[in-house]
Amino acid sequence: MPPAPHLLCRVEGVRDRFAITFDDGPSRRHTPQILEVLARHAARATFFQMGGRVSRSPELTRRVHDEGHEVGLHDCLHLPPTLLPRWFRRRELRACEAAVRAAGVEPAPFYRPPFDAITPRQAEQMRTWGFEPVIGDVFPHDPSRPGAGKIAAWALECLRPGSILILHDGSGYGDFDRSQTVEAADRILAEAAKRGLRATSVGQLLAEGVRSS
């Protein structure tokens, strides 16, 4: 992905870890499967969840948290932040935050903008509202469903210590099939472990090193 100095894209100074993240959930079909994959590999992750989906499946948000993963914020309507006025962006953020808290979970202080689109000024506003904007440096385009093998191969080609990997356990526009992502995540975690790389959450990755664009 292109560098974005105003956003957290990767973390430098990390020897043997990368962050694995999942967007657009929770999904009743696929989030439990992703959690099983993560447990099998003793991995931790950050889930950037949508407020409406959290409200419909609060038990899944609690399960994500109870199994040791971070719950970050995405939004509610999955609209490009660059096209929205300040008041609307703040409303989206606070509604998502309220849904996570209503599920009994304290959200991690991280926000992933839909479409990875946010201006430097908007990013600074997010920080004043208490959330660090996060994208990543590895995006294998799993929503396009090119096949689990291709998703895994593209991710592994780019994955480095300190990387932030972007995957999807749900969709912003319906209950789309994410079975390829589930299978690809299993392959990525297995091969990364062979290379000496362990998957963790964004917060834990930051604790290991220094943020970078």
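Anything mentioned here points back to the structure above.
A brief look at the structure comes next. (Residues numbered from 1 in each chain as written. Predicted model: local features only at pLDDT ≥ 70, side-chain atom pairs only at ≥ 80, totals over all residues. Heavy atoms only, no water.)

On to the overall build of the chain. Scanning the chain from N- to C-terminus turns up 8 helices and 9 strands. Here the C-alpha atoms of the chain give a radius of gyration of 16 Å, agreeing with the 17 Å that 2.2 N^0.38 yields for 213 residues. With respect to the three principal axes, the spread of C-alpha positions in the chain is 45 × 35 × 30 Å. Evaluated residue by residue, the chain yields a buried proportion of 55% over its 213 residues. Pairs at least 24 residues apart make up 82% of the contacts formed inside the chain by residues separated by at least 6 positions. As presented, the chain carries roughly 9100 Å² of accessible surface, and 53% of it is formed by carbon and sulfur atoms. (Helix = DSSP H or I, 4+ residues; strand = E, 2+ residues; numbered from the N terminus. Rg over C-alpha atoms; globule rule 2.2 N^0.38 Å. Buried < 20%, exposed > 50% of the residue type's maximum accessible area, 1.4 Å probe, protein only. Contact = heavy atoms within 4.5 Å. Areas by Shrake-Rupley, 256 points an atom, 1.4 Å probe, with all protein chains shown as cover.)

Looking now at the state of the cysteines. Taken as a whole, this structure holds 0 disulfides when the rule is applied. Cysteine C76 remains unbridged, with the sulfur of C96 as its closest cysteine sulfur at 5.2 Å. Left unpaired, C158 is separated from the closest cysteine sulfur, that of C9, by 14 Å. (Disulfide = S-S within 2.5 Å.)

Looking now at a nonpolar patch on the surface. Together, F115, Y173 and F176 make up a nonpolar patch on the protein surface, roughly 340 Å² of accessible area in all. Note on placement: Y173 falls in the loop between strand 7 (164-168) and helix 7 (179-194). (Patch = residues over 30% accessible without salt bridge, like charges linked within 9 Å, V, L, I, M, F, W, Y side chains within 5 Å. Salt bridge = Lys/Arg side-chain N within 4 Å of Asp/Glu carboxyl O.)

A word on the nonpolar core. Proteins that are soluble and globular tend to have nonpolar side chains buried together. In this structure, F18, I20, F22, L38, L159 and L165 are the most contacted members of the largest nonpolar core, which totals 46 residues. Here this core takes 6 residues from helix 7, the largest share from any one element. The residues touching L165, leaving out its near neighbours within four places in the chain, are F18, A19, I20, T21, V138, P140, A155, L159 and I188. Grouped together as the second largest cluster of nonpolar side chains are 11 residues, L8, V14, F110 and I164 included. (Core = buried A, V, L, I, M, F, W, Y, C linked by side-chain atoms within 4.5 Å.)

Before going further, it helps to examine the environment of F115. Note on placement: F115 falls in the loop between strand 5 (110-111) and helix 5 (120-128). Given the relative accessible area of 48%, F115 is considered partly exposed. The spatial distance from the C-alpha of F115 to the C-alpha of I135 is 9.3 Å, given a sequence separation of 20 residues. Non-local contacts of F115, meaning those with residues more than four positions away in its chain, are made with H78, L79, P80 and Y173.

The values reported here are purely geometric and, on their own, carry no functional implication.
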